Amino acid sequence: MSAMLSGCVASYIDLEAERVEDEIRFRNPNAGLFSSDCVRVVEVTNVETREVVWADGSRTSGCLFETPFAYGQKSDLSDPKDYKAAKPLEPGNSYEIFVELDGGAGDGSFTIAADGRVTNSG
């Protein structure tokens, strides 16, 4: 006699921040060339103060964003109860990002240097 387990397999991604011209963008460094991740909820938090500096969420069946996406980007699918307008990211501060995906989650952390360079950690 054998048993077979079935169910959903949750995915997890490590997000990286990068500066692209004048914006911070978040990407999944392990995504394939022609793949993206469906982001339903995003939250960026200042590590030192624990203040949420940007949040957005979607309660619909569509994706809020697909990776890569920009800090502060607003979606037409945003739920007003889950939306918090983006505050400026300050040089010298460290931030954490958390996302809920369609079938998983992801996170990452980054610091913005005084000269604007972005360094990922953890």
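What you see is a predicted model, and the numbers here were worked out from it, not measured in a lab. (Residues numbered from 1 in each chain as written. Predicted model: local features only at pLDDT ≥ 70, side-chain atom pairs only at ≥ 80, totals over all residues. Heavy atoms only, no water.)

A short note on the environment of D115
Reasoning step 1: With respect to the helices and strands, D115 occurs in the loop between β9 (104–112) and β10 (118–121).
Reasoning step 2: Here D115 falls in the exposed class, since its relative accessible area comes to 54%.
Reasoning step 3: There is a polar contact of 2.8 Å between the side chain of D115 and the side chain of R117. (Helix = DSSP H or I, 4+ residues; strand = E, 2+ residues; numbered from the N terminus. Buried < 20%, exposed > 50% of the residue type's maximum accessible area, 1.4 Å probe, protein only. Polar contact = N/O pair within 3.5 Å; in protein donor to acceptor, adjacent residues only side chain to side chain.)

Here's the deal with the pattern of salt bridges
Reasoning step 1: What the rule picks out here adds up to seven salt bridges.
Reasoning step 2: Residue E16 pairs with R27 through a salt bridge whose shortest N-O separation is 3.0 Å. Of the two residues, E16 sits in strand β2 (residues 16–20) while R27 sits in strand β3 (residues 23–27), which places them 11 residues apart along the sequence.
Reasoning step 3: For E16, a relative accessible area of 27% corresponds to the partly exposed category.
Reasoning step 4: As a salt-bridge pair, R25 and E23 come within 3.0 Å of each other at their nearest N and O atoms.
Reasoning step 5: Using a relative accessible area of 32% as the deciding quantity, one classes E23 as partly exposed.
Reasoning step 6: Several salt bridges share partner residues, and in doing so they unite E16, E18 and R27 into one network. (Salt bridge = Lys/Arg side-chain N within 4 Å of Asp/Glu carboxyl O.)

Overview of the environment of R19
Reasoning step 1: Among the secondary structure elements, R19 is positioned in strand β2.
Reasoning step 2: Separated by 99 residues in sequence, R19 and V118 have C-alpha atoms that sit 6.4 Å apart.
Reasoning step 3: In this structure, R19 is in contact with I24, I112, G116 and V118, ignoring residues within four places of it in sequence. (Contact = heavy atoms within 4.5 Å.)

Considerations on the state of the cysteines
Reasoning step 1: Taken as a whole and judged by the stated rule, the model has one disulfide.
Reasoning step 2: With a sulfur-sulfur separation of 2.0 Å, C38 is cross-linked through a disulfide to C63. Where C38 bonds to C63 through sulfur, the torsion about that S-S bond is close to -125°, and the disulfide is left-handed. Placement of C38 in strand β4 (residues 38–46) and of C63 in the loop between β5 (52–57) and β6 (65–66) is noted, with a sequence separation of 25 residues between them. (Disulfide = S-S within 2.5 Å.)

Remarks on the side chain of T67
Reasoning step 1: When you line up the elements, T67 lands in the loop between β6 and β7 (69–70).
Reasoning step 2: Residue classification places T67 among the buried positions, given a relative accessible area of 8%.
Reasoning step 3: Looking at T67, its side chain comes within polar contact range of the main-chain nitrogen of D37, at 3.0 Å.

A few points about the side chain of S109
Reasoning step 1: Here S109 shows up in strand β9.
Reasoning step 2: Under the relative-accessibility criterion, S109 is labelled buried at 17%.
Reasoning step 3: A polar contact of 2.6 Å, which involves the side chain of S109, links it to the backbone oxygen of S121.

Brief notes about the nonpolar core
Reasoning step 1: By size, the foremost hydrophobic cluster in this structure holds 21 residues, and its most contacted members are F26, V42, V44 and F69.
Reasoning step 2: Among the elements that take part in this core, strand β8 (residues 94–101) stands out by supplying four residues, more than any other.
Reasoning step 3: Beyond its immediate chain neighbours, meaning those up to four positions away, F26 contacts E16, A17, V44, W54, P68, F69, Y71, I97 and F110. (Core = buried A, V, L, I, M, F, W, Y, C linked by side-chain atoms within 4.5 Å.)

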